[in-house]
Amino acid sequence: MNEETAELALKKIDHEVIEAFGDQQYVEVLIEMDEKVNTSQAAEQGIQMTADTATEYKKKMAARNGVYNELKSTAQRTQAAALDILEKAKDDGEVNHSKAFTL
């Protein structure tokens, strides 16, 4: 990790996480991304993509799919840089394990 990235990371990492390292080489952390999905808007967009004659069930499923697709695309877009950094750090032996989640 270059010095500039390390300095930026230290500004964003909670002090408790830094203390948790202590003498340990690895600690578990959860990275929370700032960007949130407007689920109401995503559901409405999903419904708008259905035909006017669609049943209520189809509209409900379209809303769910709209939310799911928006959550997935937002996660892929916002996590890409962090996942790249983690993968490189894993290759360098600085990270033991990482896993992406979509909440």
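Note that the coordinates shown come from a computational prediction; the quantities given were computed from them, not determined experimentally.

1. Quick notes on the overall build of the protein chain
- Assigned secondary structure in the protein chain consists of 4 helices and 0 strands.
- When the helices and strands of the protein chain are read in sequence order from the N terminus, they spell out α-α-α-α.
- Here the protein chain has a C-alpha radius of gyration of 19 Å; the compact-globule value for 103 residues is 13 Å, and the former is much larger.
- The burial tally for the protein chain puts 16% of its 103 residues in the buried class.
- Considering only contacts within the protein chain whose residues lie at least 6 apart along the sequence, 50% involve residues at least 24 apart.
- Entry remark: accessible area of the protein chain is about 8800 Å², with carbon and sulfur atoms responsible for 52%.
- Across the protein chain, the mean location of the 12 positive side-chain charges is 12 Å away from that of the 20 negative side-chain charges.

2. Concerning the confidence of the model for the protein chain
- Summarising the model, the protein chain shows a mean pLDDT of 86, and 97% of its residues fall at 70 or more.
- Within the protein chain, helix 3 (residues 39-48) carries the highest mean pLDDT (95), whereas helix 1 (residues 3-12) carries the lowest (76).

3. As for the packing of helix 3 against helix 4 (residues 56-91)
- Remark: helix 3 packs on helix 4, axes separated minimally by 7 Å, with the N-to-C direction vectors making an angle of 130 degrees. In terms of orientation, helix 3 lies oblique with respect to helix 4. Where helix 3 crosses over helix 4, the handedness of that crossing is right-handed. For the pair helix 3 and helix 4, the contacting residues are T39, A42, A43, G46 and I47 in the first and K59, A62, A63, G66, V67 and E70 in the second.
- Considered class by class, the residues forming the contact of helix 3 with helix 4 number 6 nonpolar, 3 polar and 2 charged.

4. Looking at a nonpolar patch on the surface
- A surface patch of nonpolar side chains, about 250 Å² in accessible area, is lined by L10, I13 and I18.
- Following the sequence through the fold, I13 ends up in the loop between helix 1 and helix 2 (15-21).
- Residue classification places I13 among the partly exposed residues on the basis of a relative accessible area of 35%.

Parameters and conventions
Residues numbered from 1 in each chain as written. Predicted model: local features only at pLDDT ≥ 70, side-chain atom pairs only at ≥ 80, totals over all residues. Heavy atoms only, no water. Helix = DSSP H or I, 4+ residues; strand = E, 2+ residues; numbered from the N terminus. Rg over C-alpha atoms; globule rule 2.2 N^0.38 Å. Buried < 20%, exposed > 50% of the residue type's maximum accessible area, 1.4 Å probe, protein only. Contact = heavy atoms within 4.5 Å. Areas by Shrake-Rupley, 256 points an atom, 1.4 Å probe, with all protein chains shown as cover. Lys, Arg positive; Asp, Glu negative; His and termini not counted. Charge placed at Lys NZ, Arg CZ, Asp CG, Glu CD. pLDDT = per-residue confidence, 0-100. Axes fitted to C-alpha atoms, helices over the stretch in contact; angles between N-to-C directions. Parallel < 35°, antiparallel > 145°, perpendicular 65-115°, else oblique. Left-handed = near helix turned anticlockwise from the far one by under 90°. Nonpolar A, V, L, I, M, F, W, Y, C, P; charged D, E, K, R; others polar. Patch = residues over 30% accessible without salt bridge, like charges linked within 9 Å, V, L, I, M, F, W, Y side chains within 5 Å. Salt bridge = Lys/Arg side-chain N within 4 Å of Asp/Glu carboxyl O.

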